[in-house]
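Structural description and commentary
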Amino acid sequence: MKNNQVWSRMLLFALMSVSSVLQLSAQSPVEGTTYYLPRTELQFTFLVEKTTYTPGEFAIYAQRYMKRSDVKKEAETAYRIVDVKMQPIAVPDSSKRYTLLIDKKYTISDVARKDNGILLGINVEPMEEPQPQAPFAPAPKPKQVNPKDYLNEDILTAGSPWKMAELTAQEIYEIRESRNLLSRGKAEFMPQDGAQLRMMLDGMDRQERALLQLFEGTTLQDTTEVRLVYVPKPGNDRDLFFRFSRHFGFVDNDDLGGSPYYITVTEEQIPTADENLGDDKKIKDDINLYVNIPGRVKVSLLNGAAPIFTNSLFMGQYGVTENLSGALFGKKQTSKVQLNPITGGIERITEEVLGK
């Protein structure tokens, strides 16, 4: 019986607590629009050139028959960064999430936001955002020539690789001699006009290049695009961004086989709050309308200690956040506030006098 009384009292207390919360919520309605201010991130686009060398079938005979001592005997693959571009992008800053209070006494007719909630402006058409970088489109690759298509019967029926190499070298020297005779006009059979001469010379050049591949090997180049995003944070002025290997391209940051590439962010101009944006009624007319006053920073990408890319720009997370007064949207005059979609700073603010 005593236990039942205890449970009854506990249940009654819980119901009273819930009722109090419901009454408090009903007495304090909050109407508004939730938004974020942006955080500026950096998207880097790298063009990486891959060079693949394949030794020729007769590479070991290049010195003997072609007098070439610079021909490589082993296959090799090499990577290098040929271009770097950077584009700032905006993402919602979770530490700057606010709810803009909507009240009839304020002339706020339109709140422009991105799909991700980033505030773009009040009572105004949003500013056009920078277009994202178009994906890299590699140029069409030329058709590869098969040097064996240019081997004559004597070469193909030779009994050993060294004999095939010897006959191939002789064929190359004969092509060069024939081309020289044609160029000097001393060939036994001369073409009838300049177009026919050019056609014959082009054919000889093509045949010579194909046969030389058997000694010199082939070098193919392929360019690809790699995109990496870096999130600058105040206080982190130097970070290991990535590692890059000449033999493997981009590798993991803990792979010491790759050279370290660092990114530095140096504060150049960090503003303070602009008192002119608010007024003496700031507390009374606080509608939770915040904007960034972005700071200017210098971004450098370093290969070890050598800079390979440098740029200066404004970022939303550097600088300060300002609370705009609701008095900007009064009954007698209102305002149009347009924000930068990348930094969250004010691009333009105009006042408009309302008719009586």
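Coordinates for the structure precede this section.
Quick caveat: nothing in here was measured; it's all calculated off a predicted structure. (Residues numbered from 1 in each chain as written. Predicted model: local features only at pLDDT ≥ 70, side-chain atom pairs only at ≥ 80, totals over all residues. Heavy atoms only, no water.)

1. Focus: the overall build of the protein
Counting its secondary structure elements, the protein contains five helices and 12 strands. Across the protein, contacts joining residues at least 24 apart in sequence account for 73% of those joining residues at least 6 apart. (Helix = DSSP H or I, 4+ residues; strand = E, 2+ residues; numbered from the N terminus. Contact = heavy atoms within 4.5 Å.)

2. Some points on the nonpolar core
Within the largest apolar cluster, 25 residues are counted, with the highest numbers of intra-cluster contacts made by Phe 58 and Phe 215. Contributions of two or more residues to this core are made by α2 (62-66), α4 (161-184) and α5 (194-216). Excluding its chain neighbours within four sequence positions, the residues that come into contact with Phe 215 are Gly 56, Phe 58, Ala 59, Tyr 61, Ala 62, Tyr 65, Met 66, Val 71, Ala 165, Thr 168, Ala 169 and Ile 172. (Core = buried A, V, L, I, M, F, W, Y, C linked by side-chain atoms within 4.5 Å. Buried < 20%, exposed > 50% of the residue type's maximum accessible area, 1.4 Å probe, protein only.)

3. Points about the pairing of strand β11 (residues 333-339)
Of all seven residues that make up β11, five are buried, and the element is covered over most of its length. Here strand β4 (residues 119-122) runs beside β11; their pairing, made up of two bridges, is antiparallel. Of the residues in β11, the one forming a bridge with Gly 121 is Gln 338. One ladder, built from seven bridges, connects β11 with strand β12 (residues 346-353); its direction is antiparallel. Within β12, the residue paired with Ser 335 across the bridge is Glu 351. (Pairing = 2+ DSSP bridges.)

4. Comments concerning the environment of Glu 171
Residue placement: Glu 171 occurs in helix α4. Taking the C-alpha atoms as reference points, Glu 171 and Leu 211, 40 residues apart in sequence, are found 8.4 Å from one another. Ignoring anything within four residues of it in the chain, the contact list for Glu 171 reads Asn 152, Ile 155, Gln 207 and Leu 211.

5. Describing the sheet that holds strand β8 (residues 259-269)
Within a sheet, adjacent strands bond to each other through the backbone by hydrogen bonds, running parallel or antiparallel. Pairing is antiparallel across the open sheet formed by five strands, whose spatial order is β7-β6-β8-β9-β10. The open sheet has two free edges, formed respectively by β7 (249-251) and β10 (306-325), since each of these has just one partner strand. Strand-to-strand twist across the sheet, computed as the mean angle between neighbouring axes with direction ignored, equals 35°. As defined by bridge partners, β8 adjoins strand β9 (residues 286-303) across eight bridges and the pair is classed as antiparallel. When the bridges of β9 are listed, Thr 266 appears paired with Lys 298. (Axes fitted to C-alpha atoms, helices over the stretch in contact; angles between N-to-C directions.)

6. Quick look at the pairing of β10
As paired elements, β9 and β10 share 16 bridges and run antiparallel to each other. By the bridge assignment for β10, Leu 302 is matched with Pro 307. Hairpin connection from β9 to β10: two residues lie between these consecutive antiparallel strands, with Gly 304 at a positive phi of about 70°.

7. Quick look at α5
The first and last C-alpha atoms of α5 sit 32 Å apart over 23 residues, in line with the 33 Å expected at 1.5 Å per residue. Every buried residue of α5 is listed here: Leu 201, Met 204, Glu 208, Ala 210, Leu 211, Leu 212, Leu 214 and Phe 215. Looking at the buried positions of α5, the neighbouring elements they touch are α2 and α4. Where α5 begins, one side-chain oxygen reaches toward the backbone nitrogen of Ala 195, 3.4 Å away; that side chain belongs to Asp 193. At the exit of α5 stands Gly 217, carrying a positive phi of roughly 85°. (Expected span 1.5 Å × (residues − 1). Polar contact = N/O pair within 3.5 Å; in protein donor to acceptor, adjacent residues only side chain to side chain.)

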